Amino acid sequence: RSTESPVPNWVEDRLAAMPPETKVLNDWELGHYALWRHPDLQLVMHGYVDVFTVEELQRNLDIARLAPEWDKKVADLDVDYAFVQTDSQLAYGLTHLLDWKVVVGDDEFQLLLPPAD
């Protein structure tokens, strides 16, 4: 059993530095890790689907798939950051279609800030 973290140190450091209740839009695949390590953050997506309403689950699916009106759903969330896999659809949509800025990133992960407006 490895004690090595599944994410780089910079990810862990950035998530740990966020104040409690910081709203984070994330790729669904990253939610289980972030929820386990940082339960004080408000993650949009994670594996405990029983805590979501049907509408919230549909919203999350729509956002993850970049379904029609996904951008409005993201805007309605009013999140502080996004934590995404660099090669995910969501990362592409946020950075290329909605002009989110990469705060820090590497070949695997990115931490993004929403546009200032």
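Just above, that's the structure.
Procedures and definitions
Every chain's residues receive numbers from 1 upward, in the order its sequence appears when written. It should be noted that, the model being predicted, local features are given only for residues of pLDDT at least 70 and side-chain atom pairs only at 80 or more, the latter also being counted only at that level, while totals for whole chains, interfaces and linings use all residues. With hydrogens and water stripped out, all remaining heavy atoms of the structure feed into the side-chain values. For Phe, Tyr and Trp, rings pair up if their centres lie within 6.5 Å, where Trp contributes its six-membered ring, and each pair is then called stacked (planes under 30 degrees apart), edge-to-face (over 60) or tilted (otherwise). Each helix corresponds to a stretch of at least 4 residues labelled H or I by DSSP, and each strand to a stretch of at least 2 residues labelled E; elements are numbered beginning at the N terminus. Buried residues are those whose accessible area, probed at 1.4 Å on protein chains only, stays under 20% of the maximum for their type, while exposed residues exceed 50% and partly exposed ones sit between those limits. Criterion for a charge above a ring: Lys NZ or Arg CZ within 6 Å of the ring centre, and within 35 degrees of the ring normal. When a carboxyl oxygen of Asp or Glu lies within 4 Å of a side-chain nitrogen of Lys or Arg, that pair is called a salt bridge.

### Examining the packing of aromatic side chains
Right, on to step 1. Following the criterion strictly, the structure yields two aromatic pairs and no others.
Right, on to step 2. When the centroid spacing of 5.9 Å and the interplanar angle of 35° are considered together, the rings of phenylalanine 83 and phenylalanine 109 count as tilted. In this pair, phenylalanine 83 sits in strand S3 (residues 81-85) while phenylalanine 109 sits in strand S5 (residues 109-113), placing the two residues 26 residues apart along the sequence. The exposure classification of phenylalanine 83 matches that of phenylalanine 109, with both residues buried.
Right, on to step 3. Taking the ring centre of tryptophan 36 as reference, the NZ or CZ of arginine 37 above it sits at 5.6 Å.

### Overview of the pattern of salt bridges
Right, on to step 1. Enumeration over the complete set of coordinates arrives at four salt bridges.
Right, on to step 2. Residues arginine 37 and glutamate 12 are paired through a salt bridge, measuring 2.9 Å at the closest nitrogen-oxygen approach. Residue arginine 37 is located in helix H2 (residues 28-37), and its partner glutamate 12 is located in helix H1 (residues 9-17); the two are separated by 25 residues in the primary sequence.
Right, on to step 3. Measuring nitrogen to oxygen at the nearest pair gives 2.4 Å for the salt bridge that ties aspartate 62 to lysine 73. With aspartate 62 in helix H3 (residues 54-65) and lysine 73 in helix H4 (residues 70-77), this residue pair connects regions lying eleven residues apart in the sequence.
Right, on to step 4. Judged by its relative accessible area of 11%, aspartate 62 is buried.

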